[in-house]
Amino acid sequence: MNTQSLVYLLGGVVGTLVITGAAFAIGAVLGAPVAWAQRSRFFPVRALIRTYVEIIRAVPPLVWIFVVFFGLPEVGVSLQPLTAAIVTLGVIASSYLAEIYRGGLAAIHRGQWEACAALGMSGLDTARHVVAPQVLRVILPTAATYLIGLLKDSALASAIGVAEIAFRANAETQRTGLGLTFFVAAGVLYVLLSLPLAAMSRRLDSRIRARYAMT
Amino acid sequence: MDKYDTPQGSAGPAAFVRAANIVKAYGDHRAVDDVSMDLKAGEVVSIIGPSGAGKSTFLRCLNFLEMPTAGAVTIGDRSVAVGPDHATPSRKDLAALRRNVGMVFQSFNLFPHLTALRNISLPQERVLGRSRQEADERSRALLARVGLKDKADSYPSRCSGGQQQRIAIARALALDPAVMLFDEPTSALDPEVGMEVLAVMRELAGDGMTMVVVTHEMAFARDVSDRVVVMVDGAVVEDGSPEVVMSDPTNARTRQFLSAVLGR
Amino acid sequence: MKWTEYLPELASGLGVALRLTGLSLLLGFPLGLVLAKLTDSRVRALRLVAVGLVEIGRGLPLLVLLYLVYQGLPQVGLTATAMVSAVAAFTWSAAAYSAEVIRACLVAVPVGQREAAIAAGMSDRDTFRFVILPQAARLAVPPLMNLAVQWFQFTSLAYVITLPEIMQAAYLLGTVNFDYLSVFLAAGFLYAAVTIPASGLVSLVEKRLSRHL
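Residues numbered from 1 in each chain as written. Chains lettered and ligands numbered in written order. Predicted model: local features only at pLDDT ≥ 70, side-chain atom pairs only at ≥ 80, totals over all residues. Heavy atoms only, no water.

1. Concerning the overall build of chain C
- Secondary structure assignment for chain C yields eight helices and zero strands.
- When the helices and strands of chain C are placed in sequence order, the string is α-α-α-α-α-α-α-α.
- Seen through its C-alpha atoms, chain C measures out along the principal axes to roughly 70 × 45 × 20 Å.
- Considering chain C as a whole, with its 213 residues, one finds that 51% of them fall into the buried category.
- Intrachain contacts of chain C at a sequence separation of at least 6 include 76% that bridge at least 24 residues.
- Per element, the accessible surface of chain C, about 9700 Å² overall, is 68% carbon and sulfur. (Helix = DSSP H or I, 4+ residues; strand = E, 2+ residues; numbered from the N terminus. Buried < 20%, exposed > 50% of the residue type's maximum accessible area, 1.4 Å probe, protein only. Contact = heavy atoms within 4.5 Å. Areas by Shrake-Rupley, 256 points an atom, 1.4 Å probe, with all protein chains shown as cover.)

2. Description of the UniProt feature "transmembrane region" (unreviewed entry) in chain A
All names here are of chain A.
- According to UniProt, the "transmembrane region" (unreviewed entry) feature falls on residues 6-30, 51-72, 78-98 and 179-199.
- Taken end to end, residues 78-98 is 86% helix and 0% strand, and its first and last C-alpha atoms sit 28 Å apart.
- Along residues 179-199, the helical share is 100% and the strand share 0%, with 30 Å between the first and last C-alpha atoms. (UniProt positions renumbered as here; feature names shortened; annotations may be inferred.)

3. Description of the interface of chain B and chain C
- Chain B puts 23 residues into the contact, and the matching count from chain C is 21 residues.
- Here chain B meets chain C over a buried area of about 1900 Å², counting both sides, of which 57% is carbon and sulfur.
- Among the residues chain B hides against chain C, the three largest losses belong to B:R91, B:H113 and B:R126. Together they make up 30% of the total.
- In this structure, the connection of chain B to chain C is made through three salt bridges.
- A salt bridge links C:E115 to B:R60; the nearest nitrogen and oxygen atoms lie 2.5 Å apart.
- Counting across the interface, chain B meets chain C through seven residue pairs in polar contact (both at pLDDT 80 or more).
- Mapped onto the side of chain B that touches chain C, the elements with two or more residues apiece are α2 (91-99), β6 (101-104) and α3 (116-128) of chain B. (Buried area = accessible area lost by both parts, 1.4 Å probe. Salt bridge = Lys/Arg side-chain N within 4 Å of Asp/Glu carboxyl O. Polar contact = N/O pair within 3.5 Å; in protein donor to acceptor, adjacent residues only side chain to side chain.)

4. Let's talk about the pairing of strand β5 (residues 78-82) of chain B
Residue and element names in this part refer to chain B.
- In terms of strand pairing, strand β4 (residues 70-75) meets β5 through five bridges, oriented antiparallel. From the neighbouring strand, A72 faces β5, where its bridge partner is A81.
- Between β4 and β5, which follow one another and run antiparallel, lie two residues, and G76 among them has a positive phi close to 60 degrees. (Pairing = 2+ DSSP bridges.)

5. Here we look at the interface of chain C and chain A
- Listed per partner, the contact involves 31 residues of chain C and 33 residues of chain A.
- For the pair chain C and chain A, the two sides together bury roughly 2700 Å², of which 73% comes from carbon and sulfur.
- When the area that chain C buries against chain A is broken down by residue, the three leading residues are C:Q71, C:Q75 and C:L181, summing to 21%.
- Among the secondary structure elements, those contributing two or more residues to the side of chain C that touches chain A are α2 (44-59), α3 (62-72), α7 (166-177) and α8 (180-209) of chain C.
- The element best represented in the side of chain C that touches chain A is α8(C), accounting for nine residues.

6. Details of the packing of aromatic side chains
- Within the structure shown, the criterion is met by 18 aromatic pairs over all chains.
- Geometrically, the ring pair formed by A:F66 and C:Y171 is tilted, given 6.4 Å between the ring centres and 55 degrees between the ring planes. Taken together, the positions of A:F66 in helix α3 (residues 61-71) and C:Y171 in helix α7 put the pair across two chains.
- On the basis of relative accessible area, A:F66 is assigned to the buried category, the value being 0%.
- Assessed through its relative accessible area of 24%, C:Y171 is described here as partly exposed.
- Ring centres of C:Y180 and C:F184 lie 6.1 Å apart, and the angle between their planes is 10 degrees; on these two criteria the pair is classed as stacked. Highlighted residues: C:Y180 and C:F184, both in helix α8, separated by four residues, approximately one helical turn. (Phe/Tyr/Trp six-rings, centres within 6.5 Å; stacked < 30°, edge-to-face > 60°.)

7. Some thoughts on the sheet that holds β5(B)
All names here are of chain B.
- Within the open sheet, the four strands sit side by side as β2-β1-β4-β5. Their pairing is antiparallel. This sheet does not close on itself; its edge strands, each paired only once, are β2 (29-39) and β5. Along the sheet, successive strands turn relative to each other by an average axial angle of 10 degrees, direction set aside.
- Relative to β4, strand β1 (residues 17-26) is paired through five bridges, and the arrangement is antiparallel. From the neighbouring strand, R18 faces β4, where its bridge partner is T74. (Axes fitted to C-alpha atoms, helices over the stretch in contact; angles between N-to-C directions.)

8. A short note on the arrangement of the chains
- Ranking the two pairs of chains in contact by number of contacts places chains A and C first.
- The two partners chain A and chain B share no contact, and the minimum distance between any of their C-alpha atoms is 21 Å.

9. Looking at the UniProt feature "domain: ABC transmembrane type-1" (unreviewed entry) in chain C
- Using the residue numbers shown here, the UniProt feature "domain: ABC transmembrane type-1" (unreviewed entry) corresponds to residues 10-202 of chain C.
- When the span residues 10-202 of chain C is considered, its composition is 82% helix and 0% strand, and the gap between its end C-alpha atoms is 26 Å.

10. Side note on the environment of B:V17
Residue and element names in this part refer to chain B.
- For V17, the position within the fold is in strand β1.
- It is 20 Å that separates the C-alpha atoms of V17 and I169, two residues lying 152 residues apart in sequence.
- Excluding residues within four positions of it along the chain, V17 makes contact with M37, D38, L39, T74, I75, V179 and T210.

11. Digging into the UniProt feature "transmembrane region" (unreviewed entry) in chain C
All names here are of chain C.
- With numbering matched to this structure, UniProt assigns "transmembrane region" (unreviewed entry) to residues 16-36, 48-70, 76-97 and 181-205.
- The span residues 48-70 is 91% helix and 0% strand, and its two end C-alpha atoms sit 26 Å from each other.
- Secondary structure across residues 181-205 comprises 100% helix and 0% strand; the distance between its end C-alpha atoms is 36 Å.

12. Topic: the nonpolar core
- Judged by nonpolar contacts, the single largest core of 163 residues is most densely connected at A:F66 and B:F58.
- Residue contributions to this core peak at 13 residues, all from helix α4 (residues 82-108) of chain C.
- Setting aside anything within four residues of it in sequence, one finds B:F58 in contact with B:A19, B:I22, B:V32, B:V35, B:M37, B:I47 and B:M231.
- Formed by 34 residues, the second largest nonpolar core is a distinct cluster that contains B:F108, B:V146, B:L189 and B:M209. (Core = buried A, V, L, I, M, F, W, Y, C linked by side-chain atoms within 4.5 Å.)

Next comes the structure, spelled out in structure tokens:
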């Protein structure tokens, strides 16, 4: 592999990180109302959200990417490959992150809400200053693990031509025939990118466990 | 009810079970500090003492569930020694020794995926090479013996704690051990349920089984055992007949411990 | 054309997908058990190899693993068909993930179980076979079934190495009819039609198995 190829492949890191980061951001924001609606008192709301989550998960991510990228133009919605990948993976992420939020919410004792109510705090204040900080701590390790999964899923964007790591490794392979070299290199890049995330997840996990004396 | 044969010649002073200079150290801390103990065949010894005294650790050293840092254990004619002067004992030697030692745990440790009957039969088949039919037959007899004839086909999850512990005793007896070790067998049980387990143990003792019992049951220690050993801080501080140890202890730590548990 | 009319056309792809899933799990799960045992081996070299295989299998995107096998092996003079490559990559990944699941389940069996068996004089091998493994297997069944469902979904990735599975069939149909939306929705329906009942089955099994322990 010459320098030019290496630089080209390394350039794919930008695409991979942009897809991963943007999709995670969309999922994190969109996941909150989904998680909140899953706790709704109204059965139809809960059923609707449940269906949304189930349908998203019942179909492989690559299928959703193709529906969005190849299918939606037929109904007048044409997206760039990068946008299509980000939006699709973001919506999928919302269903998973909602589930993670829900687990975090469930871990918080009812007494916390009751204490806030007894102190006369508003619902918004309770959510912002009492519930959210606790939920965040509980879910950070799981969310970090999901983020690593998303990093790997971002490779799916190569199937619709987004020039991230996997796409570029494939392109160079087609050009040179050195598949082993390029895909080993691509693999190394993915592992290198996930290492800091994994380390962070472990650190957070052990610190949180230590603080709350959870086993 | 079958009696346990006393091995030839062991009626005399020769020890049938001998633990010599057992040490178990964790770093600088000696959980068991040079403990020796001899048992004649048919003798019942209770080990009492405050929690953290190393009683269970010592007991677990006797069948090498806990590998002693140094010391030797002799059961019948088999001996295993460990320490700086000895090679690490082979698995075969350990298995051979364990075959002669039955153990009953505080938390029963029945196999949850097997019925009561199969719990008792499995080790017989694997360790003694008995056929399934032979093993099951023996298991049924043992279940009847501990008063649980009708529980043969029940899974442990369907049995009360006392029943589970009695099944565990039957499982240990099934290998015809030379000595039985009991590690706080009633600690996880309600007092009235513990009684049914203690009753089985009393019967065993009466039948001549050699037993080492780590226990907090002072009544059992006093009424059933031939000897009571008091352990404090990893060492034996008292060893004698129940009458002497429990009513007229010489050691200050023993007195302190007994007054705490007996409320006098 | 209505999307339902595409379903029969995708059936052959479904067959390929199921075959790929079945083969890779049939090979991957036993391999996972071996890897799980080897990661605790007393022999350092075996441990390192096992950990390496597991970490690579889990650390790389399956898509990259697929490319690595299909496009990488020819560089060293080996060529394999798309199906063989896909089975190899999927098996590797399944072995890696199931090794983690199985290891966790083996560790989850209480220490007292091992002690009771050892105290009765049972050998390590017998203890593993008759006491630890049956209990770990019960714990492992639901997560491994979930893995199986996931692996069926992953077959869509084999599209990139031109395996004629569902997505490949759908893409061709879409090109011919110039009707991507309906075709891919039909494909999605096909995946969901397998995934949803399968997931239901998993929760059912989970409930039944948890009754005994």
